[in-house]
Amino acid sequence: MAKQPKRIQAWTGDRESLLPFGDAIKLVKDNARAKFDESIEIAVNLGVDPRHADQQVRGVVNLPSGTGRDVRVAVFAKDAKADEARAAGAEHVGAEDLFEKINGGFMDFDRVIATPDMMGLVGRLGKVLGPRGLMPNPKVGTVTPNVGQAVKDAKGGAVEFRLEKAGIFNGGFGKDSFTQDALEANVKAFVDALTRAKPSGAKGTYVKRISLSSTMGPGVKVDPASLNA
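Reading the values: rules and limits
All residue numbers here refer to positions counted from 1 along the written sequence of the relevant chain. For a predicted model such as this one, the threshold for reporting local features is a pLDDT of at least 70, and the threshold for listing and counting side-chain atom pairs is 80 or more; totals across whole chains, interfaces and linings nevertheless cover every residue. No hydrogens and no water enter the side-chain calculation; it runs on all heavy atoms of the structure. In short, DSSP must find at least two bridges between two strands for them to pair. Segments assigned H or I by DSSP are reported as helices when at least four residues long, segments assigned E as strands when at least two residues long, and all are numbered from the N terminus. Fitted lines through C-alpha atoms give the axes, limited to the stretch in contact for helices. The angle between two N-to-C directions lies from 0 to 180 degrees. Each Phe, Tyr or Trp ring, with Trp reduced to its six-membered ring, pairs with another whose centre is within 6.5 Å; inter-plane angles below 30 degrees give stacked pairs, above 60 give edge-to-face pairs, and intermediate values give tilted ones. Summary of the burial criterion: residues with accessible area below 20% of their type's maximum are buried, those above 50% are exposed, and those between are partly exposed, where the area comes from a 1.4 Å probe applied to protein chains only. Geometrically, a lysine NZ or arginine CZ counts as sitting over a ring once it is within 6 Å of the ring centre and also within 35 degrees of the ring normal. We call a set of buried residues a nonpolar core when its members are Ala, Val, Leu, Ile, Met, Phe, Trp, Tyr or Cys and they connect through side-chain atoms within 4.5 Å of each other. In this analysis, two residues are considered to be in contact whenever any of their non-hydrogen atoms come within 4.5 Å of each other. Polar contacts, as used here, are pairs of N or O atoms within 3.5 Å; protein pairs need one atom able to donate a hydrogen and one able to accept it. Residues neighboring in sequence count only if both atoms are side-chain atoms. By arc we mean the arc of the directions from the helix axis to the C-beta atoms, nothing more. Note on angle classes: values under 35 degrees are labelled roughly parallel, values over 145 roughly antiparallel, values of 65 to 115 roughly perpendicular, and the remainder oblique. The sense of a crossing depends on the near helix, which, turned anticlockwise from the far helix by less than a right angle, makes the crossing left-handed and, turned clockwise, makes it right-handed. Any residue outside Ala, Val, Leu, Ile, Met, Phe, Trp, Tyr, Cys, Pro, Asp, Glu, Lys and Arg is labelled polar, Gly included; the first ten of those are nonpolar and the last four are charged.

Caption draft 1: Highlighting the sheet that holds strand S5 (residues 111–114). Read across the open sheet, the 3 strands follow the order S4-S3-S5; overall the sheet is parallel. Edge positions in the sheet fall to strand S4 (92–94) and S5, since each has one partner strand and no second. With strand direction ignored, the average angle separating the axes of adjacent strands in the sheet is 15°. Bridge analysis of strand S3 (residues 73–76) against S5 gives 4 bridges, and the strand direction is parallel. Bridge pairing links Phe 76 to Ala 114 in S5.

Caption draft 2: How the structure looks around the packing of aromatic side chains. Scanning all chains against the criterion turns up 3 aromatic pairs. Measuring from ring centre to ring centre gives 6.0 Å for Phe 106 and Phe 109, while their planes differ by 50°; the resulting arrangement is tilted. Centroid distance Phe 161 to Phe 169: 6.0 Å. Interplanar angle 85°. Geometry classified as edge-to-face. No difference in accessibility class separates Phe 161 from Phe 169, as the two residues are buried. Grouping aromatic residues by their ring pairs yields a cluster made of Phe 161, Phe 169 and Phe 190. When the ring centre of Phe 106 is taken as origin, the NZ or CZ atom of Lys 101, which lies over that ring, is 4.2 Å away. Sitting over the ring of Phe 99, Arg 124 keeps its end group 4.5 Å from the ring centre.

Caption draft 3: How the structure looks around the environment of Val 122. Within the secondary structure, Val 122 is located in helix H5 (residues 119–122). On the basis of relative accessibility, which here comes to 0%, the residue Val 122 falls in the buried class.

Caption draft 4: Summary view of the nonpolar core. Ile 42, Val 57, Phe 173 and Leu 212 are the most contacted members of the largest nonpolar core, which has 37 residues in total. Elements supplying a minimum of two residues to this core: helix H2 (21–30), strand S1 (39–46), strand S6 (158–162), strand S7 (168–175), helix H8 (180–196), strand S8 (207–214) and strand S9 (220–222). Core analysis: the second largest hydrophobic core is formed by 15 residues, Phe 76, Ala 95, Val 112 and Leu 125 among them.

Caption draft 5: Molecular detail of the sheet that holds S7. A sheet is described by the order of its strands in space; here 4 strands give the open sequence S7-S1-S8-S9, paired in antiparallel fashion. If you trace the sheet from one side to the other, it starts and ends with S7 and S9, each paired once. Strand-to-strand twist in this sheet, taken as the mean axis angle between neighbours without regard to direction, amounts to 25°. Alignment of S1 against S7, held across 7 bridges, turns out to be antiparallel. Bridge pairing links Ala 43 to Asn 170 in S7. Here H8 sits on the sheet in contact with S1, S7 and S8, set at roughly 155° to S7.

Caption draft 6: Quick look at the side chain of Thr 115. Among the secondary structure elements, Thr 115 is positioned in the loop between S5 and H5. Assessed through its relative accessible area of 3%, Thr 115 is described here as buried. At 2.7 Å, the side chain of Thr 115 forms a polar contact with the side chain of Asp 117. Non-local contacts of Thr 115, meaning those with residues more than four positions away in its chain, are made with Phe 76, Ala 77, Lys 81, Thr 144 and Val 147.

Caption draft 7: Local environment of helix H4 (residues 96–103). Taken as a whole, H4 has its buried residues at Leu 98, Phe 99 and Ile 102. In an axial view of H4, the angular spread of the buried residues amounts to 105°, which keeps them on one side of the axis. Tucked into the core, H4 has its buried residues touching S3, S4, H5 and helix H6 (126–129). The positive-phi residue at the C-terminal boundary of H4 is Gly 105, with phi of around 115°.

Caption draft 8: The arrangement of the packing of helix H3 (residues 79–88) against helix H7 (residues 147–156) in detail. Look at H3 against H7: their axes get within 8 Å of each other, and the N-to-C directions meet at 25°. Taken together, H3 and H7 sit at an angle that is classed as roughly parallel. Here H3 and H7 pass one another in a crossing that is right-handed. Contacts between H3 and H7 involve Lys 81, Glu 84, Ala 85 and Ala 88 from the former and Val 147, Gly 148, Gln 149, Val 151, Lys 152 and Lys 155 from the latter. Within the contact of H3 with H7, the residues separate by chemical class into 4 nonpolar, 2 polar and 4 charged.

By themselves, these are just geometric observations and shouldn't be taken as functional.
Right under this line is the structure:
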């Protein structure tokens, strides 16, 4: 049998039992021993089938402690709205010029925001932005006349969530350098947002399983009841 790497041998704690979410976060932090600031991630298995229209789960959550990462924002807007987006810190702002750049392969951004009047233009980028989950959508606040606030939200901790085909949500909610309290606040906000987004077609147990992990660390199981999920 192949010998496990030293980093795996060094993992500690109970990784088989369901733990209260605070204990699970502490264990994840204890096992985050890489030489870089590891991301802390959550995986939630929901009791829905996203292939059905009445069981879609999608929304946005504002993490109270932020994400710990620099979010690059592209905004489709003109005139005063373009100035508003730049003042709020958007890295890329434009209309037809930004369309041409993205259509030509430019993808140096993490979030796309658009004013409603720009959606006729942005819609033509559906095949480029859609598969990457970057298409602006009014349901998650990325199609809005208030682009300044949308940019600030994106940079301040607003995270869009969208269920994968298997009914699983995966996402980051902070860094190992965050305090225990900051990570607890973020994961609670995440799960609360998923619970509020429960679709009308969901039957039976909604939040089935939750696990937490760091970039290089093991998965740790969370007792959903500890989050009132």
